[in-house]
Amino acid sequence: MNNRKAELETLRADLKARLARYEAHQHREDGALDKDFEEQATQTQNDEVVDSLESEVRVELVQIERALERIAHGLGDECESCGEPIDPRRLQVLPYTTVCVDCAED
């Protein structure tokens with residue numbers, strides 16, 4: 001359990017750093033979009049990709065915070081839907097999961 005908690009804390013720190021980079025990109029101070037239409041299109045497309053990545057990171061951070069909260073309350077290995085133990089192999093692959101395979105598929 002402590003190993004999982006440490007892994008989640010490391011993952012959380014990495015994601016927060018990534019989120020800061022995405023936010024810095026989105027709020028860049030190098031002025032308006034380039035005047036060249038092709039460059040504008042590319043820049044807009046890049047911004048959309050960064051927006052999508054930023055959203056994914058935010059979702060994952062919420063999941064990590066939830067998993068850490070459950071670990072702190074001694075419920076980290078228990079499915080929050082059915083109360084059954086979560087398979088350790090699932091936790092190894094998805095350390096931030098809070099549901100067992102059966103409940104995840106429902």
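Residues numbered from 1 in each chain as written. Predicted model: local features only at pLDDT ≥ 70, side-chain atom pairs only at ≥ 80, totals over all residues. Heavy atoms only, no water.

(A) The overall build of the protein, seen in detail. If you tally the helices and strands in the protein, you get four helices and zero strands. Secondary structure of the protein in N-to-C order comes out as α-α-α-α. Every one of the 106 residues in the protein was classed for burial, and the buried ones make up 25%. Counting only contacts in the protein whose residues sit at least 6 apart along the sequence, the fraction spanning at least 24 positions is 56%. Surface exposure of the protein reaches about 7,300 Å², of which carbon and sulfur atoms provide 49%. (Helix = DSSP H or I, 4+ residues; strand = E, 2+ residues; numbered from the N terminus. Buried < 20%, exposed > 50% of the residue type's maximum accessible area, 1.4 Å probe, protein only. Contact = heavy atoms within 4.5 Å. Areas by Shrake-Rupley, 256 points an atom, 1.4 Å probe, with all protein chains shown as cover.)

(B) Quick look at the UniProt feature "zinc finger region: dksA C4-type" (unreviewed entry) in the protein. The feature "zinc finger region: dksA C4-type" (unreviewed entry), as given by UniProt, occupies residues 79-103 in the numbering adopted here. End C-alpha to end C-alpha, residues 79-103 measures 8 Å, and it is 36% helix and 0% strand. (UniProt positions renumbered as here; feature names shortened; annotations may be inferred.)

(C) Molecular detail of the pattern of salt bridges. Under the counting rule described, the total for this entry stands at eight salt bridges. The partner of Arg58 in a salt bridge is Glu23, and the shortest N-O contact between them spans 2.5 Å. In this pair, Arg58 is assigned in helix α2 (residues 37-72) and Glu23 in helix α1 (residues 2-26), connecting sequence segments 35 residues apart. The residue Arg58 makes a salt bridge to Glu54 at a minimum N-O spacing of 3.0 Å. Of this pair, Arg58 and Glu54 both sit in helix α2, four residues apart, roughly one helical turn. Accessibility expressed as a relative area gives 39% for Arg58, which makes it partly exposed. (Salt bridge = Lys/Arg side-chain N within 4 Å of Asp/Glu carboxyl O.)

(D) Representation of the side chain of Glu54. The exposure class assigned to Glu54 is buried, which follows from its relative accessible area of 12%. Beyond its immediate stretch of four places on either side in the chain, Glu54 contacts Leu19, Tyr22, Glu23 and Gln26.

(E) View of the nonpolar core. Counting 12 residues, the largest nonpolar core is built from Leu8, Leu15, Leu19, Tyr22, Val50, Val57, Leu61, Ile64, Ala67, Leu68, Ile71 and Tyr96. Of all the secondary structure elements, the ones that give two or more residues to this core are α1 and α2. Counting residues per element, this core draws most heavily on α2, which supplies seven residues. Among all residues touching Val57, those that are not within four sequence positions of it are Leu15, Arg18, Leu19 and Tyr22. Counting five residues, the second-largest nonpolar core is a separate cluster that includes Cys79, Ile86, Leu91 and Val99. (Core = buried A, V, L, I, M, F, W, Y, C linked by side-chain atoms within 4.5 Å.)

(F) Spotlight on the side chain of Arg4. Of note, Arg4 is situated in helix α1. Using a relative accessible area of 8% as the deciding quantity, one classes Arg4 as buried. Here Arg4 is in contact with Ala67, Ile71, Gly76, Asp77, Leu91, Pro95 and Thr97, once residues within four sequence places are set aside.

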